[in-house]
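Residues per chain are reported as follows:
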Amino acid sequence: MIRMLLADDHPVVRAGLKALFSSESDIEVLAEAETAEAAVELCREQRFDIVLMDLQFGSAGRGAMQGAEATRVIRAADGAPRVLVLTNYDTDADILGAVEAGAAGYLLKDAPPTELIAAVRAAAAGESAISPAIEMLLQNRADAAGSPLTLRESEVLALVAEGRSNRDIGRALFLSEATVKSHLVHIFTKLGVSSRTAAVAAAQTSGAIRSRAL
C-alpha cells in the first residue's frame, strides 16, 4: 500500500485528488495539508511513502514556506518519503527549484489522471516521474538554446562539480545565491538536463569543464 500525503492549499483540488486515488486499491491518502509548514510537520509525525506537493501556497500569506522549501526539509530527514510535485507552474526556475530540492517527479495539474496515478506508483518505486510535457518542454528549450556555456556559467558548474552548495559558490565567485540559481537555470537549459549531476556529466563530456570526481 502506498501511503500518501496531499499538500495543497485549495480544498477543491485536494478533494479531487483524494477522490481520484480512492479508486486505486494500492494507494491510500492518509492525511492532507493546506500549508507547506503543515506538510513538514505531518511528515515528522507520521510515515508516508509519497507526498504530493504543490509549489505555491498562496493562501498561506506572504513570506510563508512554499513547496520547494518544504520538499527540501522533508527530504533531508532520515527515512524521508518521496516528494512528487504537482503544480500549474512550468518555468525553468520552478522546475529547477523542485529538482534541486529533491523532488522525485514534476507534473502539471492538467496531466491526465492515468499519468498522475502512474507517476505516483513510479515515484513510490524509487523511479523518476517527470511529466512527458515537462520532458518535452526541457528538450525544446535545449534545442532552441544550443549555445555554449559562458565563462561565468563554466565557473559555476566547475564548482558544482566539486560538490559546492549554491551558497558556497556565491561566496567563491562573489555572487548572490539568486544569481547562482539564475546561472544554473541557463546551464540546465543549454545542456538539456534537469539535475546538477547530469549538467556536470554533460559539461565534462563536451569539455566545457574539466573531468573530476563528483
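Residues numbered from 1 in each chain as written. Predicted model: local features only at pLDDT ≥ 70, side-chain atom pairs only at ≥ 80, totals over all residues. Heavy atoms only, no water.

Trainee: Describe the side chain of His 183, with residues and values.
Mentor: Examined against the element boundaries, His 183 turns out to sit in helix 9 (residues 177–191). With residues near it in sequence (within four places) discarded, His 183 still touches Arg 152, Glu 153, Val 156 and Leu 175. (Helix = DSSP H or I, 4+ residues; strand = E, 2+ residues; numbered from the N terminus. Contact = heavy atoms within 4.5 Å.)

Trainee: I'd like a description of the pattern of salt bridges, backed by residues and values.
Mentor: Tallied over the entire structure, the rule returns 12 salt bridges. For the salt bridge of Arg 121 with Glu 24, the shortest nitrogen-to-oxygen distance reads 2.7 Å. Taken as a pair, Arg 121 in helix 5 (residues 113–124) and Glu 24 in the loop between helix 1 (11–22) and strand 2 (27–33) lie far apart in primary sequence, 97 residues in all. (Salt bridge = Lys/Arg side-chain N within 4 Å of Asp/Glu carboxyl O.)

Trainee: Which residues make up the nonpolar core, and what values go with them?
Mentor: Proteins that are soluble and globular tend to have nonpolar side chains buried together. Counting 20 residues, the largest nonpolar core has Met 4, Phe 21, Leu 52 and Val 120 as its most contacted members. Contributions of two or more residues to this core are made by strand 1 (2–7), helix 1, strand 2, strand 3 (50–53), strand 4 (82–87) and helix 5. In terms of residues, this core owes the most to one element, helix 5, which gives 6 residues. Once residues lying within four places of it in the same chain are set aside, the contact partners of Phe 21 are Met 4, Leu 6, Ile 27, Val 29, Leu 52, Leu 116, Ile 117 and Val 120. (Core = buried A, V, L, I, M, F, W, Y, C linked by side-chain atoms within 4.5 Å. Buried < 20%, exposed > 50% of the residue type's maximum accessible area, 1.4 Å probe, protein only.)

Trainee: Account for helix 5, naming residues and giving values.
Mentor: Counted at 1.5 Å a residue, the expected span for helix 5 with its 12 residues is 16 Å, and the 17 Å between its end C-alpha atoms agrees. Listed in full, the buried residues belonging to helix 5 are Leu 116, Ile 117, Ala 119, Val 120, Ala 122 and Ala 123. The first or second residue beyond helix 5 is Gly 126, which carries a positive phi of 90°. (Expected span 1.5 Å × (residues − 1).)

Trainee: So what about the confidence of the model for the protein? Which residues, and what values?
Mentor: The share of residues in the protein with pLDDT of 70 or more is 87%, and the mean pLDDT across the chain is 86. Put simply, helix 6 (residues 132–145) is where the protein has its lowest mean pLDDT, 64, and strand 1 is where it has its highest, 98. (pLDDT = per-residue confidence, 0-100.)

Trainee: Residue-level account of the packing of helix 7 (residues 151–161) against helix 8 (residues 166–173), with values.
Mentor: Describing two packed helices takes the angle between their axes plus the distance from one axis to the other. Axis separation between helix 7 and helix 8 bottoms out at 10 Å; the angle between their running directions is 130°. Classified by the angle between their axes, helix 7 and helix 8 sit oblique to one another. For the element pair helix 7 and helix 8, the recorded crossing hand is right-handed. Packed against helix 7, whose contacting residues are Arg 152, Glu 155, Val 156, Leu 159 and Val 160, the element helix 8 presents Ile 169, Ala 172 and Leu 173 at the interface. Of the residues contributing to the contact of helix 7 with helix 8, the split by class is 6 nonpolar, no polar and 2 charged. (Axes fitted to C-alpha atoms, helices over the stretch in contact; angles between N-to-C directions. Parallel < 35°, antiparallel > 145°, perpendicular 65-115°, else oblique. Left-handed = near helix turned anticlockwise from the far one by under 90°. Nonpolar A, V, L, I, M, F, W, Y, C, P; charged D, E, K, R; others polar.)

Trainee: Hey, could you go over unusual backbone geometry for me, with residue numbers and the actual values?
Mentor: Despite not being glycine, Phe 174 has its phi angle at roughly 60°, a positive value. Examined against the element boundaries, Phe 174 turns out to sit in the loop between helix 8 and helix 9. By relative accessible area, which is 78% here, Phe 174 ends up exposed.

Trainee: Could you give an account of the sheet that holds strand 4, with specific residues and numbers?
Mentor: Taken together, 6 strands build an open sheet; the order of strands is 2-1-3-4-5-6 and the sheet is parallel. Two strands close off the open sheet at either side, each with one partner strand: strand 2 and strand 6 (129–130). As defined by bridge partners, strand 3 adjoins strand 4 across 4 bridges and the pair is classed as parallel. If you follow Met 53 over to strand 4, its bridge partner there is Val 85. Across the sheet, helix 1 lies against strand 1, strand 2, strand 3 and strand 4, angled at about 165° from strand 2, the strand it touches most. (Pairing = 2+ DSSP bridges.)

Trainee: Just give me the short version of the packing of helix 1 against helix 5, but keep the residues and values in it.
Mentor: Running from N to C, helix 1 and helix 5 point in directions that differ by 75°, and their axes come no closer than 11 Å. Put simply, helix 1 runs roughly perpendicular to helix 5. The segment helix 1 lies against helix 5, with Leu 17, Leu 20 and Phe 21 engaging Pro 113, Leu 116, Ile 117 and Val 120. For the contact of helix 1 with helix 5, the class distribution of residues is 7 nonpolar, no polar and no charged.

Trainee: Give me the lowdown on the side chain of Asp 9, citing residues and values where you can.
Mentor: Residue position: Asp 9 is located in the loop between strand 1 and helix 1. Lacking a salt bridge, the buried Asp 9 has Lys 109 as its closest oppositely charged neighbour, with an N-O distance of 5.8 Å. In terms of polar contacts, Asp 9 uses its side chain to reach the side chain of His 10, at 3.0 Å. (Lys, Arg positive; Asp, Glu negative; His and termini not counted. Polar contact = N/O pair within 3.5 Å; in protein donor to acceptor, adjacent residues only side chain to side chain.)

Trainee: Outline the environment of Leu 157, supporting the account with residue identities and numerical values.
Mentor: Note on placement: Leu 157 falls in helix 7. Classification of Leu 157 by relative accessible area gives buried; the value is 0%. When the C-alpha atoms of Leu 157 and Arg 196 are compared, they prove to be 8.4 Å apart, with 39 residues separating the residues in sequence. If we skip the residues at most four places from it in the chain, Leu 157 touches Leu 149, Ile 187, Leu 191, Ala 199, Val 200, Ala 203 and Ile 209.

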